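Here are the chains, one letter per residue:
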Amino acid sequence: PARWQRFLDAANETDGPELHLDLATALPRIDGLALQLDHLLSRPEFWRLYLRVVPTWWGSGDGRKWELVSVRAEDDRGGRYRSTFGGSSGHDEYEELKLGFMPRISPLARRLRLTFVAGTDEVQAELDLSAANPAASAPSA
């Protein structure tokens with residue numbers, strides 16, 4: 001019924017957008033590492049960034065392992081997102097990574113700024129969310 005429409009509209013405003021953004025963007029080297037952003041996948045519950053790094057995302061020593069790069073994300077509406085490691089796979093020339101972010105992307109956001117920090121180096125990437133394709137055509141999460 002028409003009287004329910006305002007409730008449905010409000011629900012859509014609290015869910016993150018469903019989208020897939022092909023990036024294929026190489027970033028400037030950061031602390032000796034080469035990063036390539038492959039794609040971004042967003043669902044109402046989560047969003048993920050898929051990227052490649054050469055030689056590796058990880059530092060190790062004394063039986064410990066740690067991330068050499070940290071990532072921050074902020075949208076054009078002031079929303080901030082926390083990254084978490086979501087898995088990786090090694091290849092001969094590079095390492096593929098999946099980073100998860102919380103909370104979900106604001107449905108009102110049109111741009112995302114990703115800031116990569118390694119050592120004393122910092123690199124930023126600006127993503128235009130309006131260039132994204134509907135997630136229905138995106139690869140599975």
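Computed from a predicted structure; not experimentally measured.

**Student:** Tell me what's going on with the nonpolar core, and back it up with residues and numbers.
**Tutor:** The nonpolar side chains of soluble globular proteins are, as a tendency, buried together. Formed by 33 residues in total, the largest nonpolar core has its most connected members in L37, L40, W47, W57, L114 and F116. Residue assignment for this core shows that the elements contributing at least two residues are β1 (19-26), β2 (34-42), β3 (47-54), β6 (70-75), β8 (95-102), β9 (111-118) and β10 (121-128). Ignoring any residue separated from it by four or fewer positions in sequence, one finds L114 in contact with L37, W47, L49, R72, A73, V123, Q124, A125 and L127.

**Student:** Can you explain the packing of aromatic side chains? Please cite residues and give values.
**Tutor:** Applying the stated criterion across every chain, the model contains 3 aromatic pairs. Between W58 and F85, the ring centres sit 4.9 Å apart and the planes meet at 80 degrees, which makes this aromatic pair edge-to-face. With W58 in strand β4 (residues 58-61) and F85 in strand β7 (residues 80-90), this residue pair connects regions lying 27 residues apart in the sequence. You can call W58 buried: its relative accessible area is 17%. F85 sits in the partly exposed class, given a relative accessible area of 37%. Among the aromatic residues, those joined into a cluster by ring pairs are W47, Y81 and F101. In this structure, R52 is placed above the aromatic ring of Y94, and the distance from its NZ or CZ to the ring centre is 4.8 Å. Between K65 and the ring centre of W58, over which it is positioned, the NZ or CZ distance is 4.7 Å.

About the cut-offs
Residues numbered from 1 in each chain as written. Predicted model: local features only at pLDDT ≥ 70, side-chain atom pairs only at ≥ 80, totals over all residues. Heavy atoms only, no water. Core = buried A, V, L, I, M, F, W, Y, C linked by side-chain atoms within 4.5 Å. Buried < 20%, exposed > 50% of the residue type's maximum accessible area, 1.4 Å probe, protein only. Helix = DSSP H or I, 4+ residues; strand = E, 2+ residues; numbered from the N terminus. Contact = heavy atoms within 4.5 Å. Phe/Tyr/Trp six-rings, centres within 6.5 Å; stacked < 30°, edge-to-face > 60°. Lys NZ or Arg CZ within 6 Å of the ring centre and 35° of its normal.

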